[in-house]
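# An overview of the molecular structure
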Amino acid sequence: MTGAPADMLAMAQGVLDAQPFSTLVGARATRFTPDGVEVSLALRPDLTQHHGFAHGGLQATLADITLTFMGAAVLGPSVLTSEFKINFLRPAQGDTLIGRGTVLSAGKRQAVTRCDIYATQGGQEKLVATALGTIARADVP
């Protein structure tokens with residue numbers, strides 16, 4: 001995608017704001033460029049599992065959003081997740097989860113993207129999960 005970074009970021013946040021599930025979890029686009037994407041969300045008690053850690057489904061949601069946004073940054077706005085996998089590295093606890101995306105490979109129709117998820121607490125970040133995904137151009141408006 002092309003455009004000023006502020007315009008691209010506003011477009012990404014507009015996409016999140018239009019998705020009821022993204023608004024439910026409080027996803028916020030904080031960076032959106034062809035070089036990297038960042039999406040964050042506050043880790044609220046209602047988004048944790050029974051031990052108080054971030055629920056795996058929440059982390060998978062953050063990974064899916066970040067991976068897909070990274071694909072959109074290099075392929076254009078009409079994309080869908082074709083597949084992804086996630087590895088949970090340690091329990092995620094803290095105030096905020098941050099997904100940072102990069103592109104590993106991109107062609108004309110698909111991109112392979114990566115998302116590293118960090119949990120922050122007291123200004124410290126810990127890597128808690130990593131995901132790989134295939135993002136494909138889609139014939140959607």
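What counts as what
Residues numbered from 1 in each chain as written. Predicted model: local features only at pLDDT ≥ 70, side-chain atom pairs only at ≥ 80, totals over all residues. Heavy atoms only, no water. Phe/Tyr/Trp six-rings, centres within 6.5 Å; stacked < 30°, edge-to-face > 60°. Helix = DSSP H or I, 4+ residues; strand = E, 2+ residues; numbered from the N terminus. Buried < 20%, exposed > 50% of the residue type's maximum accessible area, 1.4 Å probe, protein only. Lys NZ or Arg CZ within 6 Å of the ring centre and 35° of its normal. UniProt positions renumbered as here; feature names shortened; annotations may be inferred. Contact = heavy atoms within 4.5 Å. Core = buried A, V, L, I, M, F, W, Y, C linked by side-chain atoms within 4.5 Å.

Per an unreviewed UniProt entry, the chain goes by the name Medium/long-chain acyl-CoA thioesterase YigI and belongs to Deinococcus seoulensis.

## Overview of the packing of aromatic side chains
Tallied over the full model, the rule gives 1 aromatic pair. Taking the centre distance of 5.6 Å and the plane angle of 80 degrees together, the rings of phenylalanine 32 and phenylalanine 69 count as edge-to-face. Of this pair, phenylalanine 32 sits in strand E1 (residues 28-33) while phenylalanine 69 sits in helix H3 (residues 56-75), placing them 37 residues apart in sequence. The class for phenylalanine 69 is buried, based on a relative accessible area of 9%. Just above the ring of tyrosine 118 sits the side chain of arginine 100; from NZ or CZ to the centre is 4.9 Å.

## A word on the UniProt feature "domain: Thioesterase" (unreviewed entry) in the chain
In this structure's numbering, the residues bearing the UniProt feature "domain: Thioesterase" (unreviewed entry) are residues 51-124. Taken end to end, residues 51-124 has its terminal C-alpha atoms 21 Å apart, with 27% of it in helix and 46% in strand.

## Some words on the environment of glutamine 93
Secondary-structure assignment places glutamine 93 in the loop between strand E3 (79-88) and strand E4 (96-106). Between the alpha carbons of glutamine 93 and aspartate 17 there is a distance of 25 Å; along the sequence they are 76 residues apart. Other than its neighbours up to four places away in sequence, glutamine 93 contacts Leu43, Phe53, Ala119 and Gln121.

## Concerning the nonpolar core
Nonpolar side chains tend to gather and get buried jointly when the protein is soluble and globular. Grouped together as the largest cluster of nonpolar side chains are 34 residues, with contacts concentrated most on Phe32, Val37, Val39, Leu58, Phe69, Leu97 and Ile117. Going through the elements one at a time, helix H1 (5-17), E1, strand E2 (36-42), H3, strand E5 (110-121) and strand E6 (124-137) are the ones with two or more residues in this core. In terms of residue count, H3 provides more of this core than any other element does, 10 residues in total. Setting aside anything within four residues of it in sequence, one finds isoleucine 117 in contact with Gln59, Leu62, Ala63, Ile86, Leu97, Ile98, Gly99, Lys126, Leu127, Val128 and Ala129.

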